[in-house]
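Architecture and fold: a report
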Amino acid sequence: MTDSMEKLAAGDRIELTFPARGDLIVLARLVTSAISARAGFDIEELEDLRLAVGELCLLTLQGHDSRYGDLRLELSVLDDAIGVQCTLEHAAPGGETQPDEDESAFLSQQILDALVDEHGRESQDGSVRTWLRKRRGVHDA
Amino acid sequence: MTVGREKDPGPESDTGADQSPLDPAEREELITSNLGLAHQLARRFLHRGEPLDDLVQVASVALVKSVDRFDPSRGVDFAAFATRTIIGELKRHFRDKGWAVRASRRVQELYLELGHATASLVQQLGRNPTVAELAEATGASEEAVIEAIEAGQGYRAASIDANESEDDPLSARLGEHDGNYDSVEDRVLLGPALATLPEREQSILRMRFVDGLTQSEIAVAVGVSQMHVSRLLSSSLQKLREGIGRTETDVS
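Residues numbered from 1 in each chain as written. Chains lettered and ligands numbered in written order. Predicted model: local features only at pLDDT ≥ 70, side-chain atom pairs only at ≥ 80, totals over all residues.

**Side note on the overall build of chain B**
The cut-off we apply is this: Secondary structure elements are defined from DSSP: runs of H or I of at least 4 residues count as helices, runs of E of at least 2 residues count as strands, and each element is numbered from the N terminus. Each residue is classified by how many other C-beta atoms fall within 10 Å of its C-beta atom, where C-beta atoms are placed from the backbone; a count of 20 or more means buried, 12 or fewer means exposed, and values in between mean partly exposed. Whether two residues are in contact depends on their C-beta atoms, placed from the backbone: they are in contact if these lie within 7 Å.
Within chain B one finds 13 helices and zero strands. Along its sequence from the N terminus, chain B presents helices and strands in the succession α-α-α-α-α-α-α-α-α-α-α-α-α. Counting across all 252 residues of chain B, residues that qualify as buried make up 26%. Nonlocal contacts in chain B, meaning residues at least 24 apart in sequence, comprise 63% of its contacts between residues at least 6 apart.

Dropping the structure here:
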């Protein structure tokens, strides 16, 4: 009935760029849903990925004044996994990090630990890059 | 404050301190010091149609479970262990409520609800409604509305698309939905599986999905806690899924 959805295969790559605003992270989650479903992830994994990508975006925005920045999300379909990279571009540093930001970043990392196989964050020359990888068909006991 | 004892988690609760390798004071301390984590994780699941109080309750019970299952001798960080357990329970909570496993059906239902809401809002407002107005009218989040609209695009057949007019409201584009097909399909698949469940579980499923009672209303009717109803529904649905799997194999 609903099998008309086109599938994605290893090597397919999707990019989404949007203004780096928290309220637009919904776009990243929606795209992740659509891509994960088309890449053969089940509903449980899809939910994990949606949550994880939301956290990935939040983590990317941490510590930056993102008023003029953009978030670029790249989803790569791999053989047995999906890779997601989130980059903050053209944003200015937000000054001193607030304690609640540290706490929020820590929570995001804890959530990512629980939901995906690998993740990381690095910053260079004013741009921040976070990434995750989740394998298909691997559930916790 | 003793979390997990404030509200009765149900007679089948496995959150007993007896199972914990920690002494009672350590157990209490670990629970209390991680309540903030449970609260923060619950907040991450807001805006999905569930009140924060319910989410905090689920997260807190999960925290207590984490403490009781936690074995410090394994050298695992407690916060990481608890985060995994709490997220799992929150996800299970939504799944029991029909938001994950039955997502496609839920999305279809919401899409149909949107049709009715759109028609009525068009009349009220004299223009097409915004997503925010549709979200308010249906009680769903804006994200869910967008998702349902997006999913609805996939459900429409090409021949229906071909006849579509941009001026038509969403409801006009839905065509007629004959729920009888769904119920016939459900009955064929569910009937044999349902019959294998104990009478009490059949009755609870009927109250939830046929009569449309909330878990709390069922809890009052049956005389158990809401958490216990949630658990019974979860295990009954799991048995049904397994039963349907067998039925489909038998049929094919």
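**A short note on the confidence of the model for chain B**
All names here are of chain B. The test is simple: Per residue, pLDDT captures the predictor's confidence, and it can take any value from 0 to 100.
Predicted confidence across chain B gives a mean pLDDT of 71, with 65% of residues reaching 70 or more. Of all secondary-structure elements in chain B, the lowest mean pLDDT belongs to helix α8 (residues 158–162), at 33, while helix α2 (residues 35–43) reaches the highest, 93. In the model, residues 1–15 has pLDDT below 50 throughout and makes 30 contacts with residues more than four positions away in sequence or in other chains. Counting interchain partners and residues more than four positions distant, the pLDDT-below-50 stretch residues 153–179 has 23 contacts. Both confidence scores are given for the complex: pTM 0.59, ipTM 0.77.

**Here's the deal with the pairing of strand β3 (residues 70–77) of chain A**
Residue and element names in this part refer to chain A. The criterion, for reference: Each pair of strands is called paired provided DSSP finds at least two bridges between the two strands.
Judged by which residues are buried, β3 turns out to be one-sided: L71, L73, L75 and V77 face inward and are buried, whereas D70, R72, E74 and S76, on the alternate face, are not. Direction of pairing for strand β1 (residues 13–19) relative to β3: antiparallel, over a ladder of seven bridges. By the bridge assignment, T17 is partnered in β3 with R72. From the end of β3 to the start of strand β4 (residues 81–89), which pair antiparallel, there are three residues.

**Quick look at the sheet that holds β3(A)**
All names here are of chain A. Going by this rule: In this description, a line fitted to the C-alpha atoms serves as the axis of each element, helices being fitted only across the stretch in contact, and the angle between N-to-C directions of two axes falls anywhere from 0 to 180 degrees.
One open sheet holds the five strands; their spatial order is β1-β3-β4-β7-β6, and the pairing between them is antiparallel. Whereas interior strands pair on both sides, the edge strands pair on one side only; in this sheet they are β1 and β6 (118–124). Geometrically, the sheet is characterised by an average inter-axis angle of 15 degrees between neighbouring strands, direction not taken into account. Where β3 and β4 come together, eight bridges link them in antiparallel fashion. Within β4, the position partnered with D70 by the bridge is E89.

**Observations concerning the nonpolar core**
Convention followed: Only buried Ala, Val, Leu, Ile, Met, Phe, Trp, Tyr and Cys residues enter a nonpolar core, and they are joined through C-beta atoms within 7 Å.
Membership of the largest hydrophobic core comes to 53 residues, with the highest contact counts inside it found for A52(A), L56(A), A59(B), L63(B), I86(B) and L90(B). Leaving out residues up to four positions away in the same chain, A59(B) has contacts with A38(B), H39(B), L41(B), A42(B), I86(B) and L90(B). In this structure, L110(B), L114(B), L134(B) and A144(B) belong to the second largest nonpolar core, which totals twelve residues.

**Examining the pairing of strand β7 (residues 127–135) of chain A**
Residues and elements named next belong to chain A. Only one face of β7 is covered, namely the one carrying V128, T130, L132 and K134; the face carrying S127, R129, W131, R133 and R135 has none of its residues buried. Note that β4 and β7 share eight bridges and pair antiparallel. What sits directly across from I82, in β7, is K134. Two strands pair when backbone bridges link them, and β6 and β7 are joined in this way by seven bridges, in the antiparallel orientation.

**Concerning helix α1 (residues 25–38) of chain A**
Residues and elements named next belong to chain A. The line we're drawing: Expected helix span is taken as 1.5 Å per residue step, with the number of steps being one fewer than the number of residues.
An ideal rise of 1.5 Å per residue puts 20 Å on 14 residues; α1 measures up with 20 Å between its terminal C-alpha atoms. Considered for burial, the residues of α1 that qualify are I25, A28, T32, S33, I35, S36 and A37. Where α1 is buried, its residues meet β1, α2 (43–61), β3 and β4. Of the residues flanking the end of α1, it is G40, one or two places downstream, whose phi is positive at about 90 degrees.

**Considerations on the packing of α1(A) against α2(A)**
Residues and elements named next belong to chain A. Worth spelling out the cut-off: Crossings are sorted by hand: turned counterclockwise from the far helix by less than a right angle, the near helix makes the crossing left-handed, and turned clockwise it makes it right-handed. Residue polarity follows a fixed list, in which Ala, Val, Leu, Ile, Met, Phe, Trp, Tyr, Cys and Pro are nonpolar, Asp, Glu, Lys and Arg are charged, and the others, Gly among them, are polar.
Between α1 and α2, whose axes approach to 9 Å, the crossing angle comes to 150 degrees. Along this stretch, α1 crosses α2, giving a crossing that reads as right-handed. Here I25, A28, R29, T32, S33, S36 and A37 of α1 lie close against α2, whose contacting residues are E45, L46, L49, R50, V53, G54 and C57. Its residues assigned to classes, the contact of α1 with α2 shows seven nonpolar, four polar and three charged.

**Considerations on the packing of α2(B) against helix α3 (residues 52–69) of chain B**
The angle between the axes and the distance between the axes are what describe a pair of packed helices. Residue and element names in this part refer to chain B. Quick reminder of the rule: Working definition: roughly parallel below 35 degrees, roughly antiparallel above 145 degrees, roughly perpendicular at 65 to 115 degrees, and oblique for all remaining angles.
The N-to-C vectors of α2 and α3 enclose an angle of 135 degrees; their axes lie 8 Å apart at closest approach. Taken as axis vectors, α2 and α3 run oblique relative to one another. As for the relative orientation of α2 and α3, their crossing is right-handed in sense. Contacts between α2 and α3 involve L35, A38, H39, L41, A42 and R43 on the former and, on the latter, L52, L55, V56, A59, S60 and L63.

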